Amino acid sequence: MSTSTVCPLLSLSSELKAALQERTEHRLRNIVASNITTHYGTSAASLSVFRQVIMRKNVQEDPTVVIDFRRVVPVTDYESYSPFVAKFFSHPRKQSVLENLLAPGLPSFIGISSSTTRNRPKLFAKYSRGWSNTPPSFTKLLRTTNLEKTAYIYCFGYRELLEVMGEDGEVMKKIPVCIGTCGGVRDTENWSVETDNTRMGAIMPGHVSPWATGFITHHQSFLLIHALFALSEPTLERFNMTFLTFFVDLVHHIQEHWNMLITSIRDGTIPDIEHIDHVRTYLQVNFRANPRRAQELQNIGPPLICSAWAQRVWPNLKTLICICSGTFATVMPKARSVLGENVLIQNVGYGCTECIMGRTLNVGDTETFVLESGDVIEFLDASGALVHDNILQSWDVQPGRCYQPVATTEDGLWRYLIDDVIQVTGFDPRSGSPVFKFYGRKNLAIRLPYAAITEAHLVSVVRAINTEDIMKVQEFTAIVDQREHPQTVGFFFEIIGDIGHLARFARQKAFETLVATNEEHQRAFDTGRLRLPTIRIVRHETFAEYRLWRAESMKAGIGQIKVPVAMSNEGQQEWITERVIMEL
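Residues numbered from 1 in each chain as written. Predicted model: local features only at pLDDT ≥ 70, side-chain atom pairs only at ≥ 80, totals over all residues. Heavy atoms only, no water.

A.B. asks: Explain the overall build of the protein to me, using residue names and the numbers behind them.
C.D. replies: Counting its secondary structure elements, the protein contains 21 helices and 23 strands. Its C-alpha atoms give the protein principal-axis dimensions of roughly 75 × 70 × 50 Å. Expressed as a percentage of its 584 residues, the buried residues of the protein come to 56%. Residue pairs at least 24 apart in sequence account for 66% of intrachain contacts in the protein once pairs closer than 6 positions are excluded. As displayed, the protein has an accessible area near 24,100 Å², and 50% of this comes from carbon and sulfur atoms. Measuring between centres, the 59 positive side-chain charges of the protein sit 1 Å from its 62 negative side-chain charges. (Helix = DSSP H or I, 4+ residues; strand = E, 2+ residues; numbered from the N terminus. Buried < 20%, exposed > 50% of the residue type's maximum accessible area, 1.4 Å probe, protein only. Contact = heavy atoms within 4.5 Å. Areas by Shrake-Rupley, 256 points an atom, 1.4 Å probe, with all protein chains shown as cover. Lys, Arg positive; Asp, Glu negative; His and termini not counted. Charge placed at Lys NZ, Arg CZ, Asp CG, Glu CD.)

In structure tokens:
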């Protein structure tokens, strides 16, 4: 693999534009041809006009179908699909009703979206056909080989198993309801739920933890067992997990339970911790006493005793693969201090439960992506109204402008509006595809009467005050602080170490940074509609506790819980307020 840096173009040549357009429109016609005959395709009100105009056309070959699609198919949202997804949870689950519902055949799994601000996650039917066309760059990072020892920290369990019945009452298929990474990994590796029992006592090629570890549903216990097997393996070369915050939580639990883990490695006994009884036998059969390794670890000491600790524990460690851009980048300094400078932190790519949209442009750059998808992605101008004229194709976007992705997928979504906002920075000189950065979540802005504060604006504040002189911010969230009049933006920070000698200037610095993003903040301040942002410091490991609390209260999948950049839920706000130890 070449290590040369790819520099984005600011405009497309006619050749690159033509090739990109041809690929995109060919893919769109294939998706339309497959999905227009499904139950959704033949009955959804949103597609009624489209069905009429293409009625006598050869959808897969006629280029005017693309024009018709862009002209009459409206943008859709989750409410368009939820009645169809609900059919998978009704009884009886008949094959005749569920087959070809949103895409051809039956789904391989029902994906559960990340839980941030919603009380209930969204559910999406995910089909094997869609995953088979997942970009190779993405599946390559998810897969392991027996050539690399990997701490593969993913959940393999599911919330529910849906049995689809044939006409004679026979079970035709079992569909797991699980987080997207779980279902995606299962599809990538061809690990069906029907054959789970054959793997429970095994360690898969390249993995260091038994398969059964993936069925521990309690967050802390899940991490502790993965930590135990990872610490036991001195030749570990790679960590592979969902989010970078997950790695920070793992390190926290190693630090907190260091003596217990060392004792278990020395004695060869799985520790007596809760929530693992259903897999303890499978874990124990794969765990052996290793007094020599225990002594090596004891001599090194726990994670926070020195910098680059991981390289002392695992001399062969080369890579940590996870989602680490956007707000997850705030824990990068903590992760880097543990890993050292020689371990590559590699972003797995850019996507969501609805679809995969991109891969990193350059390996060492965790923030910049290039569009690469088995689906069709259009771009809604984030500054304009939700009208057809503001939906642009990938060859028409402009560097520097912000867009919302609009996805038409092999899993049966039609012009589905993704809640993310991305900023295009150029075009890939090899393929012509747009190059972009994650800008923020559309539905996570703090809205004040005079202006909206985006996720990107909040992150810019954190970066501005994240200095040795003020404070080293590890994680954060924000709210509308209405404790006093006028209201303002309120930050909750978890910091590394103590506040700096210039911490008294943090609120002013935060305000100046907000003004730099939108001068309306200064006008609001001058006219008494805004006060300086507030900053509250929460106790150590608050955000790790938050992820555990939300996972347990939501019964959500391991590794799926994110800390929202902006908290609007009153219960969440009360929870974090109780953990404040200082206010500036």
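A.B. asks: Run through the packing of aromatic side chains, naming residues and quoting values.
C.D. replies: All chains considered together, the criterion is met by 30 aromatic pairs. Each ring, one from Tyr350 and one from Phe369, has its centre 5.4 Å from the other, and the planes form 45°; the classification is tilted. One end of the pair, Tyr350, is in strand β9 (residues 350-351); the other, Phe369, is in strand β11 (residues 368-371), with 19 residues separating them in the sequence. Tyr350 sits in the buried class, given a relative accessible area of 5%. (Phe/Tyr/Trp six-rings, centres within 6.5 Å; stacked < 30°, edge-to-face > 60°.)

A.B. asks: Explain the pairing of strand β14 (residues 402-408) to me, using residue names and the numbers behind them.
C.D. replies: Of all seven residues in β14, seven are buried; the element is thus mostly enclosed. Of the strand pairs in this sheet, strand β12 (residues 376-381) and β14 are connected by six bridges, and their pairing is antiparallel. The partner of Phe379 across the bridge, within β14, is Pro405. Bridge analysis of β14 against strand β16 (residues 420-427) gives two bridges, and the strand direction is antiparallel. Looking at β16, one finds that Tyr403 is bridged to Ile422. The pairing of β14 with strand β15 (residues 416-417) spans two bridges and is classified as antiparallel. Residue Ala407 lies in a different strand from β15, and its bridge partner there is Tyr416. (Pairing = 2+ DSSP bridges.)

A.B. asks: Explain the sheet that holds strand β8 (residues 344-347) residue by residue, including any values.
C.D. replies: The strand order across the open sheet built from four strands is β3-β6-β7-β8, with neighbouring strands paired in parallel fashion. Either end of the sheet is taken by a strand with one partner, and the two such strands are β3 (150-153) and β8. Adjacent strand axes in the sheet meet at a mean angle of 20°, parallel and antiparallel pairs treated alike. Summarising the sheet, strand β6 (residues 238-243) and strand β7 (residues 319-323) pair through four bridges and their orientation is parallel. What sits directly across from Phe239, in β7, is Leu320. (Axes fitted to C-alpha atoms, helices over the stretch in contact; angles between N-to-C directions.)

A.B. asks: With reference to specific residues and values, describe the packing of helix α10 (residues 219-232) against helix α12 (residues 258-267).
C.D. replies: Direction vectors running N to C along α10 and α12 enclose 55°, while the axes themselves pass 10 Å from each other. The orientation of α10 relative to α12 falls into the category oblique. Note on packing geometry: the crossing formed by α10 with α12 is right-handed. Every residue of α12 that contacts α10 at Leu224, Leu228, Leu231 and Ser232 is listed here: Trp258, Met260, Leu261, Ser264 and Ile265. Of the residues that constitute the contact of α10 with α12, the class distribution is seven nonpolar, two polar and no charged. (Parallel < 35°, antiparallel > 145°, perpendicular 65-115°, else oblique. Left-handed = near helix turned anticlockwise from the far one by under 90°. Nonpolar A, V, L, I, M, F, W, Y, C, P; charged D, E, K, R; others polar.)

A.B. asks: Mind laying out the pattern of salt bridges, listing which residues take part and the relevant values?
C.D. replies: Any two side chains of opposite charge can pair if their charged atoms end up close together. Counted under the stated rule, the structure contains 28 salt bridges. With a shortest N-O distance of 3.7 Å, Asp277 and Arg280 are connected by a salt bridge. Judged by its relative accessible area of 63%, Asp277 is exposed. Since its relative accessible area comes to 22%, Arg280 is described here as partly exposed. Each of the salt bridges in this network shares a partner with another, and the network as a whole consists of Asp481, Arg483, Arg531, Arg536 and Glu583. (Salt bridge = Lys/Arg side-chain N within 4 Å of Asp/Glu carboxyl O.)

A.B. asks: Could you give an account of the nonpolar core, with specific residues and numbers?
C.D. replies: The biggest cluster of nonpolar side chains holds 61 residues, and the ones touching the most others in it are Ile153, Leu231, Phe239, Phe247, Trp309, Trp314 and Leu320. Ranked by the residues each element gives to this core, the list is headed by α10, at nine residues. In contact with Ile153, not counting residues within four places along its chain, are Phe222, Leu223, His226, Phe239, Asn240, Met241, Thr242, Phe246 and Leu250. Formed by 59 residues, the second largest nonpolar core is a distinct cluster that contains Ile54, Val66, Leu123 and Val424. (Core = buried A, V, L, I, M, F, W, Y, C linked by side-chain atoms within 4.5 Å.)

A.B. asks: I'd like to hear about the side chain of Ser264, residue by residue, with values.
C.D. replies: Looking at where Ser264 falls in the secondary structure, it is placed in helix α12. At a separation of 3.2 Å, a polar atom in the side chain of Ser264 contacts the main-chain carbonyl oxygen of Thr269. Setting aside anything within four residues of it in sequence, one finds Ser264 in contact with Leu228, Thr269, Ile270, Pro271 and Phe287. (Polar contact = N/O pair within 3.5 Å; in protein donor to acceptor, adjacent residues only side chain to side chain.)

A.B. asks: An account of the sheet that holds strand β23 (residues 580-583) is needed here, citing residue identities and associated values.
C.D. replies: Here four strands make up an open sheet; going across it, the order is β20-β21-β22-β23 and the pairing mixed. With partners counted over all chains shown, the strands left at the sheet margins are β20 (472-481) and β23, one partner each. Sheet twist, expressed as the mean angle between neighbouring strand axes with direction ignored, is 30°. Note: strand β21 (residues 488-496) against strand β22 (residues 534-538), four bridges, orientation parallel. Across the sheet, Phe492 pairs through a bridge with Arg536, a residue of β22.

A.B. asks: Go over the packing of α10 against helix α11 (residues 244-256), please, and point to the residues and values.
C.D. replies: Helix-helix packing: each pair is described by the crossing angle between the helix axes and the interaxial distance. The contact between α10 and α11 brings their axes to 9 Å, and the two run at 75°. If you check the angle between α10 and α11, you find them roughly perpendicular. Listed contacts from α11 to His219, Gln220, Phe222, Leu223, Leu224, Ala227 and Leu231 of α10 are Phe246, Asp249, Leu250, His253 and Ile254. Classifying every residue of the contact of α10 with α11 by side-chain character gives eight nonpolar, three polar and one charged.

A.B. asks: Account for helix α14 (residues 291-300), with residues named and values stated.
C.D. replies: All of the buried residues along α14 are Arg293, Ala294, Leu297 and Ile300. When α14 is viewed along its axis, its buried side chains cluster within an angular range of 120° and face the same direction. Residues Arg292 and Asn299 are exposed on α14 and point more than 90 degrees away from its buried face. Buried positions along α14 lie against α10, α12 and α15 (309-313). Positive phi shows up at Gly301, right after α14, with a value of about 95°. (Arc of directions from axis to C-beta.)

A.B. asks: Give me the lowdown on a nonpolar patch on the surface, citing residues and values where you can.
C.D. replies: Together, Ile499, Ile581 and Met582 make up a nonpolar patch on the protein surface, roughly 260 Å² of accessible area in all. Within the secondary structure layout, Ile499 lies in the loop between β21 and α18 (506-517). Ile499 sits in the partly exposed class, given a relative accessible area of 33%. (Patch = residues over 30% accessible without salt bridge, like charges linked within 9 Å, V, L, I, M, F, W, Y side chains within 5 Å.)

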